[in-house]
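Understanding the architecture of this molecule
Chain by chain, the residues run as shown.
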Amino acid sequence: MQKKEVLETIKKLFNEAKLNTDKADRYVELARKIGMKFNVPIPRELKRKFCRHCNSYFQKSNYRIRTRNKMIVYTCFKCRKYTKFKIKD
Ligand SMILES: [Zn+2]
(Lines give C-alpha, C1' and ligand atoms only; values in the text may rest on other atoms or scores of the structure.)
Protein backbone atom coordinates (compact mmCIF):
# COMPACT_ATOMS: atom_id res chain seq x y z
CA MET A 1 0.00 0.00 0.00
CA GLN A 2 1.13 3.53 -0.65
CA LYS A 3 1.21 6.10 2.10
CA LYS A 4 -1.71 7.97 0.62
CA GLU A 5 -3.83 4.83 0.56
CA VAL A 6 -2.87 4.02 4.13
CA LEU A 7 -3.92 7.50 5.19
CA GLU A 8 -7.24 7.11 3.40
CA THR A 9 -7.80 3.79 5.17
CA ILE A 10 -7.03 5.35 8.53
CA LYS A 11 -9.50 8.17 7.86
CA LYS A 12 -12.15 5.69 6.79
CA LEU A 13 -11.68 3.67 9.96
CA PHE A 14 -12.09 6.77 12.09
CA ASN A 15 -15.22 7.62 10.19
CA GLU A 16 -16.54 4.14 10.89
CA ALA A 17 -15.69 4.64 14.54
CA LYS A 18 -17.81 7.76 14.55
CA LEU A 19 -20.74 5.95 12.98
CA ASN A 20 -20.48 2.69 14.94
CA THR A 21 -20.11 3.80 18.49
CA ASP A 22 -20.31 0.29 19.92
CA LYS A 23 -17.35 -0.87 17.84
CA ALA A 24 -15.50 2.44 17.84
CA ASP A 25 -12.58 1.27 19.95
CA ARG A 26 -11.90 -1.63 17.60
CA TYR A 27 -11.73 0.73 14.66
CA VAL A 28 -9.30 3.00 16.48
CA GLU A 29 -7.12 0.03 17.34
CA LEU A 30 -7.16 -1.15 13.75
CA ALA A 31 -6.34 2.30 12.40
CA ARG A 32 -3.37 2.61 14.74
CA LYS A 33 -2.09 -0.86 13.86
CA ILE A 34 -2.24 -0.09 10.15
CA GLY A 35 -0.50 3.23 10.72
CA MET A 36 2.27 1.53 12.66
CA LYS A 37 2.67 -1.27 10.16
CA PHE A 38 3.11 1.12 7.25
CA ASN A 39 4.84 3.79 9.29
CA VAL A 40 2.14 6.37 8.64
CA PRO A 41 1.34 8.60 11.62
CA ILE A 42 -2.26 9.26 12.61
CA PRO A 43 -3.21 12.73 11.32
CA ARG A 44 -3.24 15.54 13.86
CA GLU A 45 -6.97 16.11 13.80
CA LEU A 46 -7.66 12.41 14.40
CA LYS A 47 -5.15 12.05 17.20
CA ARG A 48 -7.44 14.10 19.37
CA LYS A 49 -10.34 11.76 18.90
CA PHE A 50 -9.12 8.81 20.91
CA CYS A 51 -7.22 7.85 24.03
CA ARG A 52 -3.66 6.88 23.13
CA HIS A 53 -3.42 4.66 26.20
CA CYS A 54 -6.36 2.36 25.63
CA ASN A 55 -7.61 3.23 22.11
CA SER A 56 -10.92 4.37 23.46
CA TYR A 57 -12.72 6.52 20.92
CA PHE A 58 -13.79 9.74 22.61
CA GLN A 59 -17.53 10.01 22.67
CA LYS A 60 -19.93 12.21 24.55
CA SER A 61 -19.79 10.53 27.90
CA ASN A 62 -16.46 8.73 28.08
CA TYR A 63 -14.06 11.64 28.33
CA ARG A 64 -13.62 15.14 29.67
CA ILE A 65 -11.81 18.13 28.24
CA ARG A 66 -9.98 20.66 30.37
CA THR A 67 -7.62 23.40 29.35
CA ARG A 68 -4.57 24.16 31.42
CA ASN A 69 -1.45 26.24 30.72
CA LYS A 70 -2.06 26.39 26.99
CA MET A 71 -2.66 22.66 26.92
CA ILE A 72 -5.85 20.79 26.23
CA VAL A 73 -6.13 17.86 28.59
CA TYR A 74 -8.37 14.96 27.66
CA THR A 75 -9.25 12.65 30.51
CA CYS A 76 -10.28 9.16 29.44
CA PHE A 77 -12.89 7.63 31.73
CA LYS A 78 -12.10 4.13 30.57
CA CYS A 79 -8.46 3.99 31.71
CA ARG A 80 -8.40 7.19 33.79
CA LYS A 81 -5.32 8.51 32.02
CA TYR A 82 -4.65 11.87 30.43
CA THR A 83 -3.80 12.80 26.90
CA LYS A 84 -2.43 16.31 26.46
CA PHE A 85 -2.25 18.51 23.40
CA LYS A 86 -0.83 21.95 22.92
CA ILE A 87 -3.30 24.63 22.01
CA LYS A 88 -2.24 26.09 18.72
CA ASP A 89 -2.08 29.87 18.72
ZN1 LIG B 1 -8.03 5.51 27.90
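Above this text sits the structure in question.
Residues numbered from 1 in each chain as written. Predicted model: local features only at pLDDT ≥ 70, side-chain atom pairs only at ≥ 80, totals over all residues. Heavy atoms only, no water.

**Re helix 2 (residues 24-37)**
If you check helix 2, its first and last C-alpha atoms are 20 Å apart, about what 14 residues at 1.5 Å a residue would give, namely 20 Å. Along helix 2, the residues classified as buried are Ala24, Tyr27, Val28, Ala31, Ile34 and Gly35. Down the axis of helix 2, the smallest arc covering the buried residues is 130°, so these residues share one side. Of the exposed residues in helix 2, those oriented more than 90 degrees away from the buried face are Arg26, Lys33, Met36 and Lys37. Its buried side turned inward, helix 2 meets helix 1 (3-19). Looking one or two residues beyond helix 2, the residue adopting positive phi is Asn39, at roughly 60°. (Helix = DSSP H or I, 4+ residues; strand = E, 2+ residues; numbered from the N terminus. Expected span 1.5 Å × (residues − 1). Buried < 20%, exposed > 50% of the residue type's maximum accessible area, 1.4 Å probe, protein only. Arc of directions from axis to C-beta. Contact = heavy atoms within 4.5 Å.)

**Focus on helix 1**
With 17 residues, helix 1 should cover 24 Å at 1.5 Å per step; its first-to-last C-alpha distance of 25 Å lies within 8% of that length. Where helix 1 is concerned, the buried positions are Val6, Ile10, Leu13, Phe14 and Ala17. Buried residues along helix 1 cover an arc of 95° about the axis, so they all sit on one side. Among the exposed residues of helix 1, those pointing more than 90 degrees away from its buried face are Lys4, Lys12, Lys18 and Leu19. Residues of helix 1 that are buried make contact with helix 2 and helix 3 (44-47).

**A word on the pairing of strand 3 (residues 82-86)**
Taking every second residue as pointing to the same face, the buried face of strand 3 carries Thr83 and Phe85, while none of Tyr82, Lys84 and Lys86 on the other face is buried. Taken together, the five bridges between strand 2 (residues 71-76) and strand 3 define a ladder with antiparallel strand orientation. Bridge pairing in strand 3 links Thr75 to Tyr82. Counted along the chain from strand 2 to the antiparallel partner strand 3, the turn is five residues long, and its residue Arg80 has a positive phi close to 65°. (Pairing = 2+ DSSP bridges.)

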